Amino acid sequence: MTATGYPGGSLKAHLQEIKKLWLEGNSAQEIFESNPNKFKAKGTVAHALNSMKKGLAPLKISALEIKNRITQQVADNKKVKDAYDTLVKDYKKRGLKIKPSQASLIRETNLGSSVVSRVIK
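The shown structure was predicted, so the numbers you read here are calculated from the model rather than taken from an experiment.

Peer 1: Hey, could you run me through the nonpolar core in this one?
Peer 2: Soluble, globular proteins show a tendency: their nonpolar side chains are buried together. Ranked by size, the top nonpolar core spans 16 residues in total, and within it L15, I18, I31, F39, V45, L49 and M52 carry the most contacts. Elements with a contribution of two residues or more to this core: α1 (15-23), α2 (28-34) and α4 (42-54).

Peer 1: Quick question: what am I supposed to make of the packing of α1 against α4 here?
Peer 2: Packed helix pairs are characterised by how far apart their axes lie and by the angle those axes make with each other. Orientation of α1 relative to α4, taken along the N-to-C sense of each, is 85°, at an axis distance of 10 Å. Between α1 and α4, the angle is such that the two are roughly perpendicular. Together, L15, I18, K19 and W22 of α1 and V45, A48, L49, M52 and K53 of α4 make up the contact between the two elements. The class makeup of the residues in the contact of α1 with α4 is seven nonpolar, no polar and two charged.

Definitions and limits used
Residues numbered from 1 in each chain as written. Predicted model: local features only at pLDDT ≥ 70, side-chain atom pairs only at ≥ 80, totals over all residues. Heavy atoms only, no water. Core = buried A, V, L, I, M, F, W, Y, C linked by side-chain atoms within 4.5 Å. Buried < 20%, exposed > 50% of the residue type's maximum accessible area, 1.4 Å probe, protein only. Helix = DSSP H or I, 4+ residues; strand = E, 2+ residues; numbered from the N terminus. Axes fitted to C-alpha atoms, helices over the stretch in contact; angles between N-to-C directions. Parallel < 35°, antiparallel > 145°, perpendicular 65-115°, else oblique. Contact = heavy atoms within 4.5 Å. Nonpolar A, V, L, I, M, F, W, Y, C, P; charged D, E, K, R; others polar.

Everything listed here is a matter of geometry and, on its own, says nothing about what the molecule does.
Here you go:
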């Protein structure tokens, strides 16, 4: 526990933003990297997320929100993989031996770069 009463409590003023970013599919690392000065450290963001999931923080992440996030991630992963396969087939038809770029996958899927890059690692 911290002086604020729960792990990650030093980010209390930013819990709503952290929750929103997490529900959009961002990891604790990606949230931290989006504004290192505001979010202090990856571990602090992770602690705040865990406190919200466990109901220790004033702002909660419900079991339904967690389930919906996971379901959305699975759907996004499939969308990126399908677009990748489609582009590879198209390139082969045109005699090209290249892999689809991140930019082309973003265009094809209308998903953000963090989602696409996580899938095509």
